[in-house]
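Residue-level structural notes
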Amino acid sequence: KTPNDVELLGEKYVTDEWTNVTPKIIEKLGRTLHTTKYHPLSHVRQRIVNYFYGNYRNKCGNPLFSVFDNQKPVVSVHQNFDSLLIPGDHPSRSKTDCYYVNRDTLLRAHMTAHQSELISMGLNNFLVIGDVYRRDEIDATHYPVFHQVDAVRLCNNDEIFDSVNDPEGLELFENRGKESKEKQAVHSLEATKIMEHQLKRDLVGLAQVLFGKDVKCRWVDQYFPFTHPSWELEVFYNNQWLEVLGCGIMRQEILKNCGVNDRMGWAFGLGLERLAMCLYKIPDIRLFSSSDSGFLNQFKFDDPNTPVTYKPISVYPQCANDLSFWLPENSEFSPNDFYDLARDIGGDIIEQISLIDNFTHPKTNKTSHCYRIVYRHMERTLTQKEVTEIHSEISRNAAKLLNVTVR
Ligand code: PHE
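Please read all numbers here as calculations on a predicted model, not as lab measurements. (Residues numbered from 1 in each chain as written. Predicted model: local features only at pLDDT ≥ 70, side-chain atom pairs only at ≥ 80, totals over all residues. Heavy atoms only, no water.)

**Remarks on the state of the cysteines**
- All chains considered together, the criterion is met by zero disulfides.
- Counting only cysteine sulfurs, Cys 217 is the nearest neighbor of Cys 247, a cysteine outside any disulfide, at a range of 12 Å.
- For Cys 319, which is in no disulfide, the shortest distance to another cysteine sulfur is to Cys 370 and amounts to 15 Å. (Disulfide = S-S within 2.5 Å.)

**Focus on the pairing of strand S1 (residues 5–8)**
- Only one face of S1 is buried, namely the one carrying Val 6 and Leu 8, since none of Asp 5 and Glu 7 on the opposite face is buried.
- Pairing analysis gives four bridges linking S1 to strand S2 (residues 11–14), with the strands arranged antiparallel. Counterpart to Glu 7 in the pairing with S2 is Lys 12.
- Between S1 and S2, which follow one another and run antiparallel, lie two residues, and Leu 9 among them has a positive phi close to 50°. (Buried < 20%, exposed > 50% of the residue type's maximum accessible area, 1.4 Å probe, protein only. Helix = DSSP H or I, 4+ residues; strand = E, 2+ residues; numbered from the N terminus. Pairing = 2+ DSSP bridges.)

**Observations concerning the sheet that holds strand S3 (residues 66–68)**
- Taken together, the seven strands give an open sheet; going across it, the order is S3-S7-S8-S12-S11-S10-S9, and neighbouring strands pair in mixed fashion. Only two strands of the sheet have a single neighbouring strand rather than two, namely S3 and strand S9 (217–224). When the angles between neighbouring strand axes are averaged without regard to direction, this sheet yields 25°.
- Across the sheet, helix H2 (residues 40–55) touches S3, strand S7 (125–133), strand S8 (145–156) and strand S12 (263–271), and the angle it forms with S7 is around 160°.
- Across the sheet, helix H8 (residues 272–280) is in contact with S7, S8, strand S10 (227–237), strand S11 (240–250) and S12; its angle to S12 comes to roughly 55°. (Axes fitted to C-alpha atoms, helices over the stretch in contact; angles between N-to-C directions. Contact = heavy atoms within 4.5 Å.)

**A few points about the packing of helix H10 (residues 335–346) against helix H11 (residues 384–402)**
- Orientation of H10 relative to H11, taken along the N-to-C sense of each, is 135°, at an axis distance of 10 Å. Here H10 lies oblique to H11, going by the angle between them. Every pair of crossing elements has a handedness; the one defined by H10 and H11 is right-handed. Here H10 contributes Asp 337, Phe 338, Leu 341, Ala 342, Ile 345 and Gly 346 to the contact with H11, which in turn contributes Ile 390, Glu 393, Ile 394, Asn 397, Ala 398, Leu 401 and Leu 402. (Parallel < 35°, antiparallel > 145°, perpendicular 65-115°, else oblique. Left-handed = near helix turned anticlockwise from the far one by under 90°.)

**Quick look at unusual backbone geometry**
- A cis amide bond, omega -5°, links His 228 with the succeeding residue Pro 229.
- Along the chain, Pro 229 falls in strand S10.
- Backbone geometry places Thr 32, a non-glycine residue, at a positive phi of 45°.
- Along the chain, Thr 32 falls in the loop between helix H1 (23–27) and H2.
- Thr 32 sits in the partly exposed class, given a relative accessible area of 34%.
- Located in the positive-phi region is Asn 365, a residue other than glycine, with phi close to 65°.
- Relative to the elements of secondary structure, Asn 365 occurs in the loop between strand S14 (350–360) and strand S15 (367–375).
- A relative accessible area of 59% places Asn 365 in the exposed class.

In structure tokens, the structure reads:
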């Protein structure tokens, strides 16, 4: 292993000027919480899988959906973006949002990265579940690693119009169609509406299975480069509308590129942490990666449908420290760079970082940021001395690595 290599899950990758995956993130690869027995994420995962197994059976009574939960999180730029028609200049590709291994390789930012491959293998109904990686802010609901369930269902002409009394003359594709708000150019409006109806029915059904029959749901129009039309499902929870998943009718071009010419499809993607936090009233996303038995023992049951409300293990005090610095004048600075640097040093004892002040000096034109870092250990009380040491190290490293001038 040379200094220009990085090892991920037992494989070596060459690094280059695009590399921004950090040691703290590399440590988190391969934990497979979503398939760890008794882990809350695996309970929620199992409930979703059971729902699709139960809803769709083939003629012999076997589940129609195949489940993939073992795909490697290291993917190509082609898988994560190009295969999904995400434009070359789309902001989601940026280094400030993704963890790149090198110019062509990254830690997948969504499970949709595996869609084209699985379709090319000939699959028509599948769920693909795993850990995804995104650079983001740091607080109780954001963590650089989280888990998603993606699903795809492809149907041919007969399957779509199966339930129609007199399907004579109904066609999936349309020859000289135009794209509208409601459909893609190549699809007939009838086929699109039936697929939309099935998709929405299945997903509202899933929300009811998870949150109870009386859950209030609403659909919001959305945009994704890989689906059209696209929607987001929101559920009313804790007195507010919470976005739980994105979905839509798959872009036909994606299917064509996979060699599929006689089917159309729907797809959706949802985040497991967000669901589990609501279902079990888990207040902090860091708890999912904690190995604390006080947390994990509360989920030791075999039936994933067991209702539980998480009881906080005693809450240890927070300790807030501020850090102000002038941004570098000649190089770029992104708050996400600072968050990763702080996370690399402080790890999971950092509960939240917020930008509390941002001003540009009228004379010198220099910009200053002030960040408040809230420290809290999940399992014990931190001493001020401990916090001061970490805080100063963050300050020293920010000066050294990000070219900022600490004030
Ligand atoms: N990949 C999308 C996300 O991460 C979710 C999605 C999946 C949307 C499939 C539509 C279809 O937000």
